[in-house]
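Tertiary structure, described
Residues per chain are reported as follows:
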Amino acid sequence: MSETKISVPVDGINSASAGEFIRAIPVVLAEPASSPTLLWACPAAAADYAAGDLSPADALRAGAPRTPRAELQWRVSRSALQQAGVSAEGEVLDARQAAGPATVQAWSLSHSDGHALVAQGPPGWRLGVDLERKRERDLEALAQWCCDAAEQAHLQALPEADRLTFFYQLWTLKESFIKAAGLDFPADMRKVGLRAQADGWALRAPAGSWNACCWTIGEDWIASVVWSVPGGGLVKPAMSDNQPSWRVARNCVLPPVRSLYPAPGI
């Protein structure tokens, strides 16, 4: 795993390098897709962790000393990858590979506090996902570090009860763009995010055509996914017929999912 030393506020959110979480994998796709597929995994997914199915690189890392909490996170995230049919090296774990010539599928992984989210998309897509568990923190300090002036102003204008959710919406969206577009963390956090318009929000995205979705998952979780389709049109919110589809890891339950972006009705 590549590592980059960065300076962040003491209350900052840990961010792993994009290189660990975005890979290209050879798989056989039955038909083109218009939006990503997401796989949600909770701590119960650790029961399906299969050490014998780890990729060579992960097999070398499997025995590293970890706290019980970190070991749970390792098992849940690797079980999620295994159930999604990919490995941390981009190897195929799906028997459909034998059905014909392989193409390349995009995927991205995020994990937080014993939970994981895997996003998958068709060949040639740029794709990033981020999952965070909400917890109280110094929002003003963090916003000055990762948000532009307009985002900071909107955050400050919100009622106190709404600020934490909006901050995590911004954070997960920015992290997803960092991963998908290969941007620099943390230098490019301020360059992407959301911009208020008269008819709702617009993406502040990297160059190209991008779609994005953000959600609350139950009471505790915020997640975002972004994707760019080669040859796509103008940046716009994902329409109702272009929403990501959800899968759930074995023995796990997906809490209620509520859309934050695009807002219901857009």
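Procedures and definitions
- Residues numbered from 1 in each chain as written.
- Predicted model: local features only at pLDDT ≥ 70, side-chain atom pairs only at ≥ 80, totals over all residues.
- Heavy atoms only, no water.
- Phe/Tyr/Trp six-rings, centres within 6.5 Å; stacked < 30°, edge-to-face > 60°.
- Helix = DSSP H or I, 4+ residues; strand = E, 2+ residues; numbered from the N terminus.
- Buried < 20%, exposed > 50% of the residue type's maximum accessible area, 1.4 Å probe, protein only.
- Lys NZ or Arg CZ within 6 Å of the ring centre and 35° of its normal.
- Axes fitted to C-alpha atoms, helices over the stretch in contact; angles between N-to-C directions.
- Parallel < 35°, antiparallel > 145°, perpendicular 65-115°, else oblique.
- Left-handed = near helix turned anticlockwise from the far one by under 90°.
- Contact = heavy atoms within 4.5 Å.
- Nonpolar A, V, L, I, M, F, W, Y, C, P; charged D, E, K, R; others polar.
- Pairing = 2+ DSSP bridges.
- pLDDT = per-residue confidence, 0-100.
- Salt bridge = Lys/Arg side-chain N within 4 Å of Asp/Glu carboxyl O.

Quick look at the packing of aromatic side chains now. Counted by the stated rule, this structure contains 9 aromatic pairs. With a centroid separation of 6.0 Å and 85 degrees between ring planes, the pair formed by tryptophan 145 and phenylalanine 185 is classed as edge-to-face. Residue tryptophan 145 is located in helix α4 (residues 139–146), and its partner phenylalanine 185 is located in the loop between α6 (160–181) and β6 (193–197); the two are separated by 40 residues in the primary sequence. Accessibility classification places tryptophan 145 together with phenylalanine 185 in one group, the buried group. Taking the centre distance of 5.6 Å and the plane angle of 80 degrees together, the rings of phenylalanine 167 and tyrosine 168 count as edge-to-face. Residue classification places phenylalanine 167 among the buried positions, given a relative accessible area of 1%. In this structure an aromatic cluster arises from ring pairing among Trp145, Phe167, Tyr168, Trp171 and Phe185. Over the face of the ring belonging to tryptophan 74 we find arginine 66, whose NZ or CZ atom lies 4.1 Å from the ring centre.

With that out of the way, let us pick up the packing of helix α5 (residues 149–157) against α6. Viewed as axis vectors pointing N to C, α5 and α6 meet at an angle of 155 degrees, and their least axial separation amounts to 9 Å. Classified by the angle their axes make, α5 and α6 are roughly antiparallel. Every pair of crossing elements has a handedness; the one defined by α5 and α6 is right-handed. Listed contacts from α6 to Glu151, His154, Leu155 and Gln156 of α5 are Arg163, Phe166, Phe167, Leu170 and Lys174. Per-class residue counts for the contact of α5 with α6 are 4 nonpolar, 2 polar and 3 charged.

Here we take up unusual backbone geometry. The phi angle of most residues is negative, glycine excepted, and most peptide bonds adopt the trans form. Look at the link from phenylalanine 185 to proline 186: it is a cis peptide, with omega at 5 degrees. Tracing the backbone through its elements, the reader meets proline 186 in the loop between α6 and β6. Even without a glycine there, the phi angle at aspartate 113 is positive, about 50 degrees. In this structure, aspartate 113 sits in the loop between β3 (103–112) and β4 (115–121). A positive phi angle, near 70 degrees, is found at asparagine 251, a position not held by glycine. Within the secondary structure, asparagine 251 is located in the loop between β10 (245–248) and β11 (257–261). A relative accessible area of 61% places asparagine 251 in the exposed class.

Glancing now at the sheet that holds strand β8 (residues 211–217). By definition, the strands of a sheet pair up through backbone hydrogen bonds, in either a parallel or an antiparallel sense. Pairing in this open sheet of 4 strands is antiparallel, and the strands run β5-β9-β8-β11 from one edge to the other. For this open sheet the edge positions go to β5 (126–133) and β11, each flanked by a neighbour on one side alone. Direction aside, the axes of adjacent strands within the sheet are offset by 20 degrees on average. Where β5 and strand β9 (residues 221–228) come together, 8 bridges link them in antiparallel fashion. Looking across to β9, one finds that aspartate 130 is bridged to serine 224. Packing of α6 onto the sheet brings it into contact with β5, β8, β9 and β11, and relative to β5 it is tilted by some 145 degrees.

Moving on, we come to the packing of α4 against α6. Look at α4 against α6: their axes get within 11 Å of each other, and the N-to-C directions meet at 30 degrees. Our classification of the angle between α4 and α6 gives roughly parallel. Note that α4 runs across α6; the crossing there is left-handed. Residues Leu139, Leu142, Ala143, Trp145 and Cys146 of α4 form the contact with α6, whose own contacting residues are Arg163, Leu164, Phe167, Trp171 and Lys174. Residues of the contact of α4 with α6, tallied by class, amount to 8 nonpolar, no polar and 2 charged.

Close inspection of predicted coordinates is inappropriate in any region flagged by low pLDDT. Put simply, the chain has an average pLDDT of 82, and 76% of its residues get 70 or more. Taken together, the stretch residues 1–30 has pLDDT below 50 and engages in 74 contacts with residues farther than four places along the chain or on a different chain. Scored below 50 in pLDDT, residues 90–103 makes 36 contacts in the model with residues more than four places away or belonging to other chains.

Applying the stated criterion to the full structure yields 14 salt bridges. As a salt-bridge pair, aspartate 48 and arginine 250 come within 3.4 Å of each other at their nearest N and O atoms. Here aspartate 48 is found in the loop between β2 (37–41) and α2 (56–61), whereas its partner arginine 250 is found in the loop between β10 and β11, with 202 residues between them in sequence. The closest approach of N and O atoms between aspartate 58 and arginine 61, which form a salt bridge, is 3.5 Å. Taken together, the positions of aspartate 58 and arginine 61, both in helix α2 and 3 residues apart, correspond to about one turn of that helix. Connected via shared salt-bridge partners are Arg69, Asp113, Arg133 and Asp220.

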